[in-house]
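Working through the structure, step by step
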Amino acid sequence: MRREAEAIGNLVEVAEIMPRIHALRDEGPVLKGRLRELLGLPLHERHARAAGRPHWTVLSFEAVEAALRNAAVFSNSVQGHDNPAGEKTMGILEMDPPVHRAYRRTIQPRFNMPEAMGWWREHTIDTIIERLIARMGRGDRADLNLDYCARIPVYTITTAIGLDGDEALRFRHAYLNSTSSSRTVTMEQRQANAKIVESTVLGLIARRRQEPKDDLVSFLITMKLLMPGEEPRALTDREIMAHVKLVMVAGGGTSWRQMGIALYALLTHPEQLAAVRADRSLVDDAVEESLRWYPTAPYFYRMVMEDTELYGHAIPKGAVLELGLGPANRDPARWERPDEYDLFRPKKTNLAFGFGTHRCLGMNVARVEINRGINALLDHFPNLRLDPEARAPFMTGGLEQQGVSGLPVLLR
Ligand code: HEM
């Protein structure tokens, strides 16, 4: 993550950015310009469809929530890439209502909380956690960020989709190289890897159409798409593939980094870690507070679909909004001492998983992964603590993706 941010000139000192964000928010909840311009960072085009358009940056909780509520005016269509076939490259993430709703309903039932606590946990999450704990338990030290947090979500997603063994490994490798923005991966390599990803998923769909199993692809094959004004119909192979690719891109790195951030929060606040160790019902609060404190994906974009007014700014059709979910989560108008990690603060919704139409499909799965991951560590390593001889961890990454530099720990 740090290398990727460096490669595109986007590395920021995460801890140093927040005071500057607070100062900008003091100027107004909505500001003209890109956040990068306002912060004096080099420009980087995250979404090709946003290029060359006027931008506004939104930084207060109230204003970000208001924009997320209004999907008719503030559209997610900015988030895809244009491809020759005119397909939705980012699946439901770039769709608007009512089409978005019709497609989301074909996958949503697998992602509600009972499914996350039941099917996902039993099918994948507990298995990988057990294996990783056993492997780490052979030593005295570990880097939890790489040896543990990184592995749980990627295994969870690929296994849930229906891939296993060597095929899952090949798929993960090809997937990472097809989406990498690193300069060391050439365009030809990216395209070759994208082909491997597509042929692997299409091959899997074909096998499951012949012989269904207990996995996400087999589930999607059974679902009916109810588009307004049309007859219900089954999803096509390419529609199933769009769901699968989005779930891979949205559900691997995010849960990894957020689990790292939650553990970083606890390990650097030993009195709160001790409280959680003594009362496991606090694990959920610890995770929610980590999401408020440092949401791993703190900025999302919207395309403005009609001339509108937002907090005193006349914003024309065709402009782009940069919504600061991270800054909204640190808004002092909503939280006292917003920069402190305090799992005991009064419970209030934060925006780490977004809000409204596109609210994270995988949030229940992510919560269960992180909750189970932390509980298992506390069960098996009662003395778990940061390794005092290793470099102290710190928050790092670019504006759009943040995580912890590492989590070197002593296990005994
Ligand atoms: C802690 C980890 C995670 C965080 C912080 C996170 C954050 C988010 C956010 C902020 C959005 C809204 C984007 C927008 O409004 O434009 C989103 C959407 C989404 N997330 Fe997550 N996510 C996480 C984990 C996951 C996981 C584990 C999965 C899948 C297994 C997943 C799948 C999705 C999908 C499919 C969407 C698009 C939903 C839609 O457009 O209707 N996410 N996520």
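Residues numbered from 1 in each chain as written. Predicted model: local features only at pLDDT ≥ 70, side-chain atom pairs only at ≥ 80, totals over all residues. Heavy atoms only, no water.

As a matter of local geometry, the ligand sits amid 27 residues, with His100, Arg104, Arg302, His358 and Cys360 nearest to it. Taking Ala250, its main chain carries an N or O atom lying 3.4 Å from a nitrogen atom of the ligand. Take Arg302: an N or O atom from its side chain is 2.8 Å from an oxygen atom of the ligand. Elements represented by at least two residues in the shell around the ligand include exactly α5 (99–104), α12 (237–251), α13 (253–267) and β7 (299–304). Residues that form the shell around the ligand fall into these classes: 13 nonpolar, 12 polar and 2 charged. (Near = heavy atom within 4 Å. Polar contact = N/O pair within 3.5 Å; in protein donor to acceptor, adjacent residues only side chain to side chain. Helix = DSSP H or I, 4+ residues; strand = E, 2+ residues; numbered from the N terminus. Nonpolar A, V, L, I, M, F, W, Y, C, P; charged D, E, K, R; others polar.)

Here we have 5 strands laid out as an open sheet, ordered β1-β2-β10-β7-β3, and mixed in their pairing. Single-partner strands in this sheet number two, and they are β1 (30–32) and β3 (74–75). For β7 and strand β10 (residues 320–324), the ladder comprises 5 bridges, and the chain directions are antiparallel. Paired with Arg302 across the two strands is Leu321, which belongs to β10. (Pairing = 2+ DSSP bridges.)

Strand order in the open sheet formed by 3 strands is β4-β14-β11, with antiparallel pairing between adjacent strands. Of all the strands in the sheet, the pair left with one neighbour each is β4 (141–143) and β11 (385–386). Of the pairings in the sheet, the one linking β11 to strand β14 (residues 408–410) comprises 2 bridges and is antiparallel in character. If you follow Leu386 over to β14, its bridge partner there is Val409.

Going through the model one piece at a time under the given rule, you end up with 0 disulfides. Free of any disulfide, Cys149 has its nearest cysteine sulfur in Cys360, 17 Å distant. The class of Cys149 is buried, set by a relative accessible area of 0%. Residue class for Cys360 comes out partly exposed when judged on its relative accessible area of 27%. (Disulfide = S-S within 2.5 Å. Buried < 20%, exposed > 50% of the residue type's maximum accessible area, 1.4 Å probe, protein only.)

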